[in-house]
Amino acid sequence: MTRRDKRQVAQHFSRAAQSYDRAASIQQRAVTALLHQLPALSGHWLDIGCGTGVALPHLRLKGANRVTGIDLAEGMLEAAASHTDPQTDLLLADADDLPLPDCSADGLISSLMLQWSEAPDKTLKEWRRVLKPGSRIAIATLLPGTQKELQQAWRAIDDRPHVNEFEAPERLNHALTQAGFTDIVFEQDCLTEYYDSVPDLLRNLKAIGATNVNAGRRTGLGGRAAIEALSRHYPATQHMGQTAYPLSYEVLWIYALANPEHPTEPKP
């Protein structure tokens, strides 16, 4: 059963493009940690789900001769244009259907995009297809437990899905292996943001485009009554001497190599 609509995901992120960088502190921390673990680069590198393009110049600084930023949200690519140079291209494309030749890239990063995939096994096979044998891949994605505080509060109000679903590490490891990746390394950490109020928290989610796109979701933020109810049930805590409303993200960083012995499936 389909949980997410790619077009809705793209529309949400396009609308959030202008506010994204100001609000996306967790996303910035995730991509910074991802880039930090990469060695010196060379050749042609892809950034899939590049968003506003903050990682593009860093890939060039690390030695990539050419970089292609790929995203399904047109608004994000318009914002990413400010991070390009003559050796950086931007491509509007679906991560599951890349308009690139087989074995054409020397490496690939993707930060907090894979969790939006409806079928990560299919997505990862497509990424493996465009990579040369032995190429490096670096991914940051989200795990179950992400936004657990928000999920807990909504459960006290109704039984509709309000938090996006995420794949477990075991499922991702299987998908990576089946797609043709080897030397897989996982690193995991919980990153938490704190807000002065629940409305501030919800506004931040809207500002980064990370709203609920599950089937059966409630449209919008739920109205004033729902937000008041959410505030009553939300698990507050003390942070820096003040009452705060936490929102945690279970982040998984994945590093792997395209297995030279694994045959790729050519694009039809």
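The model shown is predicted, which means the values in this text are computed figures rather than measured ones.

Reading guide: rules and limits
Residues numbered from 1 in each chain as written. Predicted model: local features only at pLDDT ≥ 70, side-chain atom pairs only at ≥ 80, totals over all residues. Heavy atoms only, no water. Helix = DSSP H or I, 4+ residues; strand = E, 2+ residues; numbered from the N terminus. Axes fitted to C-alpha atoms, helices over the stretch in contact; angles between N-to-C directions. Parallel < 35°, antiparallel > 145°, perpendicular 65-115°, else oblique. Left-handed = near helix turned anticlockwise from the far one by under 90°. Contact = heavy atoms within 4.5 Å. Nonpolar A, V, L, I, M, F, W, Y, C, P; charged D, E, K, R; others polar. Buried < 20%, exposed > 50% of the residue type's maximum accessible area, 1.4 Å probe, protein only. Polar contact = N/O pair within 3.5 Å; in protein donor to acceptor, adjacent residues only side chain to side chain. Arc of directions from axis to C-beta. Core = buried A, V, L, I, M, F, W, Y, C linked by side-chain atoms within 4.5 Å. 1 Å grid on protein atoms, 1.4 Å probe; cavity = no way out; pocket = protein on both sides within 12 Å on 5 of 7 lines; lining within 4 Å. Points joined across faces, edges and corners; volume = space filled by probe spheres on them. Salt bridge = Lys/Arg side-chain N within 4 Å of Asp/Glu carboxyl O. Right-handed = clockwise from strand over helix to strand, strands pointing away. Pairing = 2+ DSSP bridges.

Chemist: Please clarify how unusual backbone geometry should be interpreted in this entry.
Modeler: Leaving glycine out, the prevailing phi sign among residues is negative, and the prevailing peptide bond configuration is trans. Even without a glycine there, the phi angle at cysteine 103 is positive, about 50°. Structurally, cysteine 103 is set in the loop between strand S3 (88-92) and strand S4 (105-111). A positive phi angle is found at glutamine 147, which is not glycine, with a value near 60°. Tracing the chain through its elements places glutamine 147 in the loop between strand S5 (131-142) and helix H7 (148-155).

Chemist: So what exactly am I meant to see when it comes to the packing of H7 against helix H10 (residues 223-233) here?
Modeler: Between two packed helices, both the angle of their axes relative to each other and the distance between the axes serve to describe the pair. For the pair H7 and H10, the least separation of the axes is 8 Å and the interaxial angle reads 115°. Classified by the angle between their axes, H7 and H10 sit roughly perpendicular to one another. Here the hand of the crossing between H7 and H10 comes out right-handed. For the pair H7 and H10, the contacting residues are Leu150, Ala153 and Trp154 in the first and Ala226, Leu230 and His233 in the second. Classifying every residue of the contact of H7 with H10 by side-chain character gives five nonpolar, one polar and no charged.

Chemist: Looking at this structure, how should I read the side chain of threonine 123?
Modeler: Residue position: threonine 123 is located in helix H6 (residues 120-130). Assessed through its relative accessible area of 0%, threonine 123 is described here as buried. Here aspartate 96 takes part through its side chain, which lies 2.5 Å from a polar atom of the side chain of threonine 123. Sequence-distant contacts of threonine 123, that is, excluding residues within four places in its chain, are made with Ala95, Asp96, Leu114 and Ser117.

Chemist: Is there a simple way to think about H10 in this case?
Modeler: An α-helical segment advances 3.6 residues per turn. Residues three or four places apart therefore align on the same side. Taken together, the buried positions of H10 are Ala226, Ile227, Ala229 and Leu230. An end-on view of H10 places all buried positions within 160° of arc, on one side of the element. Residues of H10 that are exposed and point more than 90 degrees away from the buried face comprise Arg224, Ala225 and Arg232. Buried residues along H10 sit against H7 and helix H9 (198-207).

Chemist: Sorry if this is basic, but what is going on with the nonpolar core here?
Modeler: Generally speaking, soluble globular proteins have nonpolar side chains that are buried together. Among the nonpolar cores identified, the biggest contains 42 residues, and Ile109 and Leu150 are the most heavily contacted of them. Among the secondary structure elements, those contributing two or more residues to this core are helix H3 (25-36), helix H4 (56-61), S5, H7, strand S6 (181-195), H9, H10 and strand S8 (242-258). The dominant element in this core, judged by the number of residues it contributes, is S8, at six residues. When near neighbours in sequence (up to four residues on either side) are disregarded, leucine 150 contacts Val163, Leu201, Leu202, Leu205, Leu230, Tyr234 and Leu247. Residues Leu46, Ile48, Leu124 and Ala256 belong to the second largest nonpolar core, which totals 27 residues.

Chemist: Looking at this model, I keep getting lost on the layout of surface pockets. Mind explaining?
Modeler: The probe, sized like a water molecule, is rolled over the atoms to show the empty space still left. The volume enclosed by the second largest pocket comes to roughly 260 Å³. Contributing to the lining of the second largest pocket are 16 residues, with Lys122, Lys125, Glu126, Arg129 and Glu265 lying nearest its centre. Listing elements by their share of the lining of the second largest pocket, those giving two or more residues are H6 and helix H8 (169-179). It is H6 that provides the largest number of residues to the lining of the second largest pocket, a total of five residues.

Chemist: Please explain the pattern of salt bridges as it appears in this structure.
Modeler: Between side chains of opposite charge, pairing is possible as soon as their charged atoms come close. Counting across every chain of the model gives seven salt bridges. Here aspartate 102 ties to arginine 129 by a salt bridge, and the two come within 2.6 Å at their closest N and O atoms. On the criterion of sequence distance, the pair formed by aspartate 102 in the loop between S3 and S4 and arginine 129 in helix H6 is long-range, its members being 27 residues apart. With relative accessibility at 2%, the residue arginine 129 sits in the buried group. Among the ionic pairs, glutamate 167 bridges to arginine 171, the shortest N-O distance being 3.2 Å. In the salt-bridge network here, residues are joined through shared partners; they are Asp102, Glu126 and Arg129.

Chemist: Whenever I open this one, the side chain of glutamine 115 confuses me. Can you help?
Modeler: Looking at the secondary structure, you find glutamine 115 in the loop between S4 and H6. There is a polar contact of 2.9 Å between the side chain of glutamine 115 and the backbone oxygen of leucine 112.

Chemist: Is there a simple way to think about the pairing of strand S1 (residues 44-48) in this case?
Modeler: The side chains of a regular strand alternate between the sheet's two faces. Summarising burial for S1: five of the five residues are buried, a large majority. Note on the crossover from S1 through H4 to strand S2 (residues 66-71): the handedness is right-handed. Across three bridges, the pairing between S1 and S4 is parallel. Bridging across to S4, aspartate 47 finds its partner in isoleucine 109.

Chemist: Got a minute to help me understand the pairing of S8 in this structure?
Modeler: Along S8, 14 of the 17 residues are buried, which leaves the element largely enclosed by surrounding structure. Bridging between S5 and S8 involves seven bridges; their strand directions are antiparallel. Residue pairing in the sheet places alanine 138 in a bridge with tyrosine 255 of S8. Where strand S7 (residues 237-239) and S8 come together, three bridges link them in antiparallel fashion. Within S8, the residue paired with glutamine 238 across the bridge is threonine 243. A loop of two residues connects S7 with S8, the two strands running antiparallel in sequence, and methionine 240 in this loop sits at a positive phi of about 55°.

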